[in-house]
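# Survey of secondary and tertiary structure
The lines below spell out each chain.
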Amino acid sequence: MKQLALLLVGVALAYAAKIPTLQKSDGYFSEGREYVYEYEGQVLSGLPGVSKEVAGIKIVADTRIQMKENGKCLLRLEGVKLNKVLTETENPAKQQVEEKLQRLDFIFESPLIVELVKPIEFTYIDGKVNDIVSSREDPVWSTNIKKGIMELMLVNIRGTNDMNEPKEQSTDRTSITRQKKYYRVMENGVAGNCESVYDVKVSEPVMKPVDNKVQALRYVLNITKTRDLMECQRRNQRNEVSLLSGRKCETCSETEMVEEPRPLEDQPKQGTEDFLTCLNKVRYGISLKDHDKFLIDTVVVEGKHVFMPFGEKGGKAVTFVNQTFVLKSNKEISDEDVIPEVQNPKQMPEDLSFIFQKKSSHDHDTEEESQLTEEDAPHMFDIRRSVTYQIEKIIAGIQQDKITEEAPLNFIYMVKSLKRLSPIELQNVFDRLGKKLADDDEPTKVNKQIVLDAILQVENDKAVEILTDEIEERHIIKEEASQVLSTLALINKPTEKMLDKVLRLCRGRTLDDAKDIKTTCWLTFGSLVHKACKVNKICTQDKLNEYSLRLLKGIDENSPNDEKRFFLKAIGNAGLVLKKTPESQTDSIDRISELIKHEVADIDLRVQAIYSLRRVCKEHTHRVISLLMPFLKDVDEDHEIRIASYVIIMDCEPKLDDVQFIVTDLQKDKSKQVISFIYTHLDGLVKNPKLCKIGMTEVAKKALLTLKPIVQGMQYSKRFTWSLNAVQEKVALTTEASVIGTPTSPFPVSGAVKLGATILNRQMNLMEVGFHAKCLRDIAEKILGVARPASPKLEKLLRNNGRLYNDKSIVERDFEHLDNVLPTTKVHTNVDMEKASAYMKLFGNELRTITIDKTTVWEWLEGRSEKMQELENKILTSQVPYSYRKIFSLGRGMHEIPTQVGLPLKISFDTAAVLALDISGKARMTPTLTEVLRTKNGKLSNISVAGSVKPRVAVTMKAKMTVGLDDTVRTGLGLVGSLNSSAVLNGNVTVDVPKMLFKSKLDTPTSEHQVLSLRSRPFTYNFLMTEKPTEESLPDLHIRNSGDDERFVYEKRLVQGELMAKKPVTKKWSMGKESLGVETELKTRRVPRSCGWIYRPTQLLFNGPIDVNVTTRRGVDAPEQVTCIVKLETENWTQAKYQAFKDKYLVKKSFTTESSSEEYHEHHAGSPSDERHHYRHFGSASDMVDGPHSDSPSDERRYGQDMREGSHSDEHRNGHEGRHSDKHHEGQHNSPSDESRSGEHLVDPYPIHPKNLTLIQRFENWWYPNAKSSEVRDTTHVHTQQIVADTGKKVQLFHIYFNISTMGSQPIRELVSRISLDQQDEFYKAVRIDVLTNKKTFIRDPIRQDQFQDTIDEVKTLCIQSEMEHPAYAMTLPTEEKLESFEGLPDVPKDPKVLFKFNTQWGRSCMTDQKIQLKARVERSEEQKKRLSEETPYKMECMQDLRNGNKYTEACKRFRLEREELRAVHAELTHNEKTSRVYLEAFYQGIQMVKNMLWQNVRTKQAKVFNLDKTVLFTGEMEENKKKFNMTIKDITEDIHFNRVWIPMMVQDSQIVAPYNMQKRMVQSYGQEWLSGRNINQCKALRNNSIITFDKVLYNYEMSKNEHILSKDCSNQERFVILSKTHEQDSTKKVVTVYLDNTRIQLIPDPTTQEVIIKVNDTNTELPVLHKLIIKEDETMKKVPIDTPEIHIMTVAPEKDYTTEPRPVDMSDSASSQEGFVFSELEYHLWDQMREHIKNDTAAPAQNLTREPKTLVQIVRPKLGNSIMLFAPEQELKVFFDGHNIKIELAQKYKDFQCGLCGDFNGETSEEFVGPNREVYKWPQQYGRSFQVASEDHARVDECAPIMEFALDRDIWLTKIDQSTCITKTPVPRCPETCTPIEEQPIDVDFVCTRQKGITNPFEGLTREQIINKYGYKRPDYKRTLEMAVKCRN
């Protein structure tokens, strides 16, 4: 061994002696040496984790680098090989082997290599690359690739400029042992100036031979450099967006937000994108002796660009980058290998930053060709032929029955080709193919329209010039011109040339006679100015001033208001703030503020001026808020001005202090319109936070802490917000709706709906539409047929004109006296304001506005419009076959970034839509619409429409993630998605209005038709082109090889998603093939997600192909036509007929009200006496699924006793026929013993006569004897309703009949259905739905050949019955059945229950087949019952508050809820043994799913022995805070308990799950809405001289013995008048007089008794207690007794025996069996009756039913003794009177039409005291006396009541010249001359003066109404204090 060791040492020494030692550079980077690296650069795109498919480019070359003096280096690529990749790979991040590469063909590769081999120069010092010099002939793409290679040499070894440490701590230049390990530095590379994080590891020194010489020991540095290329100071990127605009979310960036994204120019801009991540890791192997001598041995780069539009779990597309740079040789430069210098170098050196290739210039823009005409240019023919070919392909895709997905795709390609044309070429194409001529035929018009639609999307200067010229020359007119201008407003990168063209058009005289087009033009100009000057900032200051002055000129004082209005809208679009110039000393905000502060200006104009600040508010936040805040806080300002100010302030996104200042004192604001709007908006921001406005949500949340909840009616202004946020997907959808009300009308004055979206962390205001309208009341009344009718009272007076006073009726004499003594000013709408306007905004730009004046509105409503008559004539004569075609882009965009290889990565999308609609046919109305509108009381008789409608739509989106090598090679990932929908409807519709009969016939499809198609196709592709690419000319679905056309190669491979699933999942659902004869098929094909809990639904877009198709085709025995008949019928039935109907169709089925569980036995075992109260059944027991039950005689006696107390059984009204029907229904299931027991139970020992139920309102305890506050909200339930029995009144039922049948083939398919509604009882509601389907086949009678026989087959039925019964009102219950009463709180039942039943039966028969029944009972929970029996703290506190006269405290609110809410529900779901197994399995699977979701709250027990078979019991209780609930589910297998389950906040807010509130439900009367006009608005005149107006303002006024107008309809219609006075001096009793039509009703308290005397037209009418008086319009009267309410469902039944062993659940699918089903003769007879009824009604002529006299008024005397209720249904008026207190209820339609002591009823509390002539008083006494109906003589004789007089001041010298006489603006209460004041009150009174002429009194002879109308609205001349008389005496 020693010898062998010596031998090896000797060899080594000899080898070392042979190789000389390196002296100069030791092989490191140094001057005079050449380094050759083997370079491989690869870019691949794909969907990792989804598919192995990738596409990309790989560049292979030897890189020669020669270093010269002063760090100068030359680089040249040699042996370049360009490869394309389109294959499958396991690891796309690694370099692909040669077998997977395809080298480019020579025709494509050679031109590229020529450019790549050109040398490039750079300097390399200390690992930094600078001063890059390339040849002028070297294209940009080639230079970028070389820069990508040079960046591989960019390395900071010493860690200089470390951002973590001071500069003095940098690494020693000579010491390797002190090498830094970790440091962060900024490096300027291809992607920009980005942060690099270094991780350095130093290895042990080694020896390595270089140039066959032994080098000294060297160290090796292993460096890993990580870079996030999206976090760069100068990020190289560019983007371009068309049509779409938005702003970046504040949650995504800490930088200052701008309103819209600034479109980037061609050169790089700084920025980051949240939907894109770019990570880069570089690994270096470096040999070095010290930090001055190093050599890069290897470089490996791995990077990826991840596109995640919907977040990390929403799917992603990735582009992988891999570069390897391996040292191949290292030697000295030889003379023969010197790289030549760069030829024709650029003057300015560059750095490593990527340079985007500028868009290629047009091919034919040379000076010579610009002089050519369109005929001279030789290439124009080819261009036009290409465009014509694209038009033909688009038209070919628009077919008669559908639009193919290629049509919008070809439109996208056409727009791209037009964008590449030069201005001369584009003009030539339009002139020859797009310019419209008068003699164009229809096909030519279609072709030219497509060209016009395409040019609209080109968005360059020439396109705008062409379109504006066409409008200016009137080739494009009317609506089409407006659409063109609106589309131009969406251009994102307008130029000054575009702005000048649009400005010239707007200012020209061409549009003077086209107001709508001119308005749209200025709106477009404002939008373009905003984009150009504010967003893109391309305008010079001179242009900016010019544009601003042009816009501001439109709002000069001399401009008309309409012109100012649309110029303000244009200024709002522009959003510019003009700087002060010599031409304009005030900027735009100052000019707008002048309009806002202009008190005389129109309110609408001032509001529009405020909204015009919407785009300057964020740039000048403080200035805008300072301007608008005073208007918002001014309580005397108009509410529209204040609301508009608030909206703009909130758009400024103010700070918390500003919002807190807004809500300060808001609770005391006089305008409820403003309060309601602000509160609902802030509340919406908190409950529905926006994804991009989290900051405003926090501000609103803090502001609401100081603002109490405000609950107002729908008549007040509101702003609602709904937001649906998917945070992880970075997607949100937001909807805002605002309604601004007005005190003068129940209709809103304006409204708006805004739709917003957040996509890719960009907030976009997609669309906003709104309206502004004045006085919609008159328009609505005209449509409803009651517009401007003559007053009934005036009509009577005109008819009686000339008659003697004694010949007039009582009402006529009273009205004449009332008008003479106290005339009231009629409330008229301002007809000058009758106009409506609407607007539309897209992406924040108001594009369209339409204004309709009063003349146009009334011309259409009154049938005087010539346009309407012309259109109607064309429709009647079938002269208007309508065809509409529209093609447009929905948006396109591009985002481009560099990759490390130096190739650009471009993410782009493009969408287009094609709409087509063809309508043919004719319509006829009898009489015509114009005749109906022109004729008074005109009504339509018949409407007939026949024709064909063919709507079609197609939407296509194409998206790509592309890497490009020049314009020759493009490769990457693509996605094409399309949506197609179409329909073909042929047939006719007939409406017979008098008969309420609708009949339609529709043709069935004759061939297969695709109704809906949704497709998505991800793919990888390669595209090679020797010339400029025309990708749009290639079919996307086929592979084109070079053999087909040597100029290009297009290869494509679909992404199949094989890594997610082996194959796509295909599902198909089909229906109707045999049953209907028309098959409808839904077919889906998709690649499923690998894990539904990890990935989001958007992942499906990246998984693979998606197909959703809905197809219709002919089925078996397909019919040719389908006939549908719908009949609406309201029937007035006698009680006997109604009872027979209920017996057949609305039989009350029985079910238990108690839970059938062991809990009953636990609580009630051994307590038979409690059985009566705790265990009830609904109706008879014969309908129980488990069988009937017997009743003992004792049970029947107990039942009779209950019945007499108010609980009546429904079966006792059914009669013999009803019992027979019940027995027949259950006959198939009951055993003989069951039948016998059922028969016993149906015995009726106590028959009850049928009763009609009528509502009365409860009348106890609603007055306020201790009311002291200035405003009172009465939320107590102040009335109840009783049952009134009227044996003479008919019952009204509503039915809807359906009969659908097929024609043209056998069998005839038929559907017969009836929907019946029973709502006669306030407490009981029922609905019955019956459906029958069958097939009929007609065959010739074998005996009688001239006749046919029909056979019925495949009978299927569905019968649904739903019933609900509410508890009786406490008024009708005895004291022992009510809870303890408290003065001030409404009474409630002791044990209230809400009962519900839903019963459905289906199959071959509704009587004998499948059945499911749900029964539920809502009642108080056990916890509630326990607390009600205890003396809780809040109960004690409430008792004290009630004693103090305050019942609106928090304690009383909680106590009331405890008494009135029902928080427990018990339900029972049962089914019979024939129920299909499918439904049962679905039910139990649903229960299991709920258990899995709520597993933390679930506790399961084994079922008890007495759990029922075929029955599931539910018990649920909600906690007091309404945030959690407990639930128990019991079936035969197990007991499931859910403990304290949290109710989602969304459910809490929507109140879907909420306790049943008895008082709320009673007041609302089953969901009566505000629009129905039946919501309760109350006025009260109380015994303590307090009056509470309709607007909830309380004041004190003591009436006199003279009549006062308490409430009056002061509109033209004067539908009622209510007068009141005191009965005696110093008495609290009052007299009420009500005038309705020609009837006077007086309610007079008897001075000796507590009774109230009723007089009708001076005739005493005695009305006993519990009776009502009905007065008809024909002046007939009748008295009807009132009965106690009847309980429909609740009865008492014996207890079930649950101790028997339950049978197992029968899961057999027995419903499919055909055995035992018999379609009985009785059931067939019922269906046949329906069928014949429809057939007879269709054939019979319309019947003129005898009109029954309407009920004018009902007067009810309930059992409270002196209480009287008066109800006028036609006027929707209710009056309650008890001798001392008066309460009046009015409908919402009287808003602002009311006058009298009850206020003006306008919803506002400010200026509530409005007098008879619309004058405003400040003092209650003055206001009250103004409505006193008394002359001075009457006052003197009857009593000394103050009278209203005007105070007069004579000889007043306001000036030194004129002497004036002055009078008070309003009359003042004064004592008559014969009376003396005993109580006076000093008040300040305004005087107005007029010039005195002589000694005459200028006011003499004027009436009170004339003085107020003439002088009341003048500005007062002075004010002084007068004494107002309060009381007088003789």
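Above: the structure in question.
Residues numbered from 1 in each chain as written. Predicted model: local features only at pLDDT ≥ 70, side-chain atom pairs only at ≥ 80, totals over all residues. Heavy atoms only, no water.

### Describing unusual backbone geometry
This is how the line gets drawn: The numbering of helices and of strands both runs from the N terminus, where a helix is a DSSP run of H or I of at least 4 residues and a strand a run of E of at least 2.
Note the cis peptide between T926 and P927, where omega equals -10°. Among the secondary structure elements, P927 is positioned in the loop between β24 (904-926) and α27 (929-934). Here the bond from Q1306 into P1307 is cis, since omega is 0°, no more than 30 degrees from zero. Residue position: P1307 is located in the loop between β37 (1291-1303) and β38 (1308-1318). The phi angle at D126 is positive, at roughly 55°, despite the residue not being glycine. Structurally, D126 is set in the loop between β5 (120-125) and β6 (128-133). A positive phi angle, close to 55°, is found at N1657, a residue other than glycine. Structurally, N1657 is set in the loop between β57 (1652-1656) and β58 (1659-1661).

### Description of the packing of helix α13 (residues 541-553) against helix α14 (residues 561-574)
What counts is decided by this rule: For every element, the axis is a line fit to its C-alpha atoms; helices are fit only across the contacting stretch, and the angle between N-to-C directions ranges from 0 to 180 degrees. Put simply, angles under 35 degrees are roughly parallel, angles over 145 are roughly antiparallel, angles from 65 to 115 are roughly perpendicular, and the rest are oblique. Any pair of residues with heavy atoms lying within 4.5 Å of one another is described as a contacting pair. Amino acids are sorted into nonpolar (Ala, Val, Leu, Ile, Met, Phe, Trp, Tyr, Cys and Pro), charged (Asp, Glu, Lys and Arg) and polar (every other residue, Gly among them).
Where α13 contacts α14, the two axes come as close as 8 Å, and the packing angle between them is 150°. By the angle between their directions, the pair α13 and α14 is classed as roughly antiparallel. When α13 is examined against α14, the residues R550, L551 and L552 are found in contact with a partner set consisting of F567, A570, I571 and A574. Here the residues of the contact of α13 with α14 sort into six nonpolar, no polar and one charged.

### Considering the state of the cysteines
By definition, a disulfide is the covalent link that joins the sulfur atoms of two cysteine residues. We count it as follows: The rule for a disulfide is simple: a pair of cysteine sulfur atoms within 2.5 Å.
According to the stated counting rule, one finds 10 disulfides in the structure shown. Each sulfur in the disulfide pair C194 and C232 lies 1.9 Å from the other. A torsion of 95° about the S-S bond marks the disulfide between C194 and C232 as right-handed. Highlighted residues: C194 in strand β8 (residues 192-202) and C232 in strand β11 (residues 219-232), separated in sequence by 38 residues.

### Focus on the packing of aromatic side chains
As a reminder of what qualifies: Ring pairs shown here join Phe, Tyr and Trp side chains whose ring centres sit within 6.5 Å, with only the six-membered ring taken for Trp; geometry is labelled stacked below 30 degrees between planes, edge-to-face above 60, and tilted in between. Each residue gets one of three labels from its accessible area relative to the maximum for its type: buried under 20%, exposed over 50%, partly exposed in between, using a 1.4 Å probe on protein chains only. Charge over a ring is defined by NZ of Lys or CZ of Arg lying within 6 Å of the ring centre and within 35 degrees of the ring normal.
What the rule picks out here adds up to 29 aromatic pairs. Ring plane angle 70° and centroid distance 6.0 Å describe the contact between F1023 and Y1050, whose orientation is recorded as edge-to-face. Note that F1023 is positioned in strand β29 (residues 1009-1025) and Y1050 in strand β30 (residues 1048-1054), a separation of 27 residues in sequence. Y1050 matches F1023 in its accessibility class, with the two residues each being buried. For K633, the ring lying beneath its charged end belongs to F661, and the centroid distance is 4.7 Å. K1774 extends its terminal NZ or CZ atom over the ring of F1767, reaching a point 5.4 Å from the ring centre.

### Concerning α13
Three or four residues apart is the spacing at which side chains of an α-helix point the same way, because the helix has 3.6 residues per turn. In plain terms, the rule: Here the expected length of a helix is defined as 1.5 Å per residue gap, with one fewer gap than residues.
Taking 1.5 Å as the rise per residue, α13 with 13 residues should run 18 Å; its terminal C-alpha atoms sit 18 Å apart, in good agreement. Along α13, the residues classified as buried are K543, L544, N545, Y547, S548, L551 and L552. The inward-facing, buried residues of α13 contact α11 (496-507), α12 (515-535), α14 and α15 (588-597).

### Quick notes on a nonpolar patch on the surface
In plain terms, the rule: Patch definition: residues with relative accessible area over 30% and no salt bridge; like charges joined within 9 Å; nonpolar side chains (Val, Leu, Ile, Met, Phe, Trp, Tyr) joined within 5 Å. Accessible areas in this description were obtained via Shrake-Rupley with a 1.4 Å probe; residue shielding takes into account the shown protein chains only. Put simply, a salt bridge is a Lys or Arg side-chain nitrogen that is within 4 Å of an Asp or Glu carboxyl oxygen.
A cluster of nonpolar side chains, L724, L733, V753, L755, M767 and V769, forms an exposed patch at the surface whose accessible area comes to about 490 Å². Contributions of two or more residues to the nonpolar patch are made by β19 (745-759) and β20 (762-773). Relative to the assigned elements, L755 resides in strand β19. Its relative accessible area of 34% is what places L755 among the partly exposed residues.

### Description of α11
For α11, built from 12 residues, the straight-helix expectation of 16 Å at 1.5 Å per residue is met to within 8% by its first-to-last C-alpha distance of 16 Å. For α11, the set of buried residues is M498, L499, K501, V502, L503, L505 and C506. Of the surrounding elements, those touching the buried residues of α11 are α9 (461-472), α10 (478-488), α12 and α13.

### Structural notes on the sheet that holds strand β72 (residues 1876-1891)
Here is the rule: For two strands to pair, DSSP has to find at least two bridges joining them.
Taken together, the four strands give an open sheet; going across it, the order is β69-β70-β72-β73, and neighbouring strands pair in antiparallel fashion. Because the sheet does not close on itself, it has two edges, and the strands there are β69 (1848-1852) and β73 (1918-1929). Ignoring strand direction, the axes of neighbouring strands in this sheet form an average angle of 35°. Examined bridge by bridge, strand β70 (residues 1860-1864) and β72 share five bridges and lie antiparallel to one another. Across the sheet, the residue bridging to C1862 is C1889, located in β72.

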